[in-house]
Amino acid sequence: MIFELKEQKRDFCSLKQKMVEGKMLLKFEDALNKIEGWFMIIGIAAMGVIMTLEVFFRLFFFALTWSEELAKYIFVWVVFIGMCYGIGKGLHIRMELLEEKMPPVIKKLMLIVGDIILILLFIYLLGPSWEYFVSQCSQKAATIPIHMGYVTIVVPISFVLCLIQIALDIVKQVKGEK
């Protein structure tokens, strides 16, 4: 009798621990998606303001030398962070016709294998992206007094964020939450 109660208590504790871990993963994923989403909103708004200022100054005063370049660099950041956001939300293009025809077990397996392939791809690209970043650190931007490393660091950062998003997706698929 006492052994059964201890066993039930241990089962309850492990179930409670799994629920806490699941909630923590969900909170982490939500926080990551919110940060990426807000980053994109602020970046797109900043590009709009910068380009509007450029048009206004060009019409009434003088052309700003830095505005186009800064907007371009913000765009690069928005695109790469947007890639991570899209992976996290499952917004990228894929062949859904084949998935829809498969039984649920095969469909889940296909999605996990696809995610594993993406993980291998991003791990492979992480090295060259870091080398590119390092090579650009000594370069200066044309009209803005910053090093190009500030622009190109987004590539390895986004690859790491994509790896995190894909790992979270695999966990959700294995747990049956997706």
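To start, this report covers the structure provided alongside it. Values in this document were obtained by computation on a predicted structure and should not be read as measured data. (Residues numbered from 1 in each chain as written. Predicted model: local features only at pLDDT ≥ 70, side-chain atom pairs only at ≥ 80, totals over all residues. Heavy atoms only, no water.)

Observations concerning the overall build of the chain
(1) Moving on: The secondary structure content of the chain amounts to six helices and zero strands.
(2) Moving on: When the helices and strands of the chain are placed in sequence order, the string is α-α-α-α-α-α.
(3) Moving on: Considering only contacts in the chain between residues 6 or more positions apart, those separated by 24 or more positions represent 71%.
(4) Moving on: Carbon and sulfur atoms form 73% of the exposed surface of the chain, whose accessible area is close to 12,500 Å². (Helix = DSSP H or I, 4+ residues; strand = E, 2+ residues; numbered from the N terminus. Contact = heavy atoms within 4.5 Å. Areas by Shrake-Rupley, 256 points an atom, 1.4 Å probe, with all protein chains shown as cover.)

Points about the layout of surface pockets
(1) Moving on: There is about 420 Å³ of room inside the largest pocket.
(2) Moving on: Along its surface, the largest pocket is lined by 21 residues, and Arg94, Leu111, Gly114, Asp115 and Leu118 are the ones closest to its centre.
(3) Moving on: For the lining of the largest pocket, the secondary-structure elements that each account for two or more residues are helix H2 (67-89), helix H4 (104-136) and helix H6 (154-175).
(4) Moving on: Broken down by class, the residue content of the lining of the largest pocket amounts to eleven nonpolar, five polar and five charged. (1 Å grid on protein atoms, 1.4 Å probe; cavity = no way out; pocket = protein on both sides within 12 Å on 5 of 7 lines; lining within 4 Å. Points joined across faces, edges and corners; volume = space filled by probe spheres on them. Nonpolar A, V, L, I, M, F, W, Y, C, P; charged D, E, K, R; others polar.)

Here's the deal with the packing of aromatic side chains
(1) Moving on: Inspection of every chain in the model, using the stated rule, returns eight aromatic pairs.
(2) Moving on: Through a chain of ring-to-ring contacts, three or more aromatic side chains come together here, namely Phe56, Phe57, Phe60, Phe61 and Phe62. (Phe/Tyr/Trp six-rings, centres within 6.5 Å; stacked < 30°, edge-to-face > 60°.)

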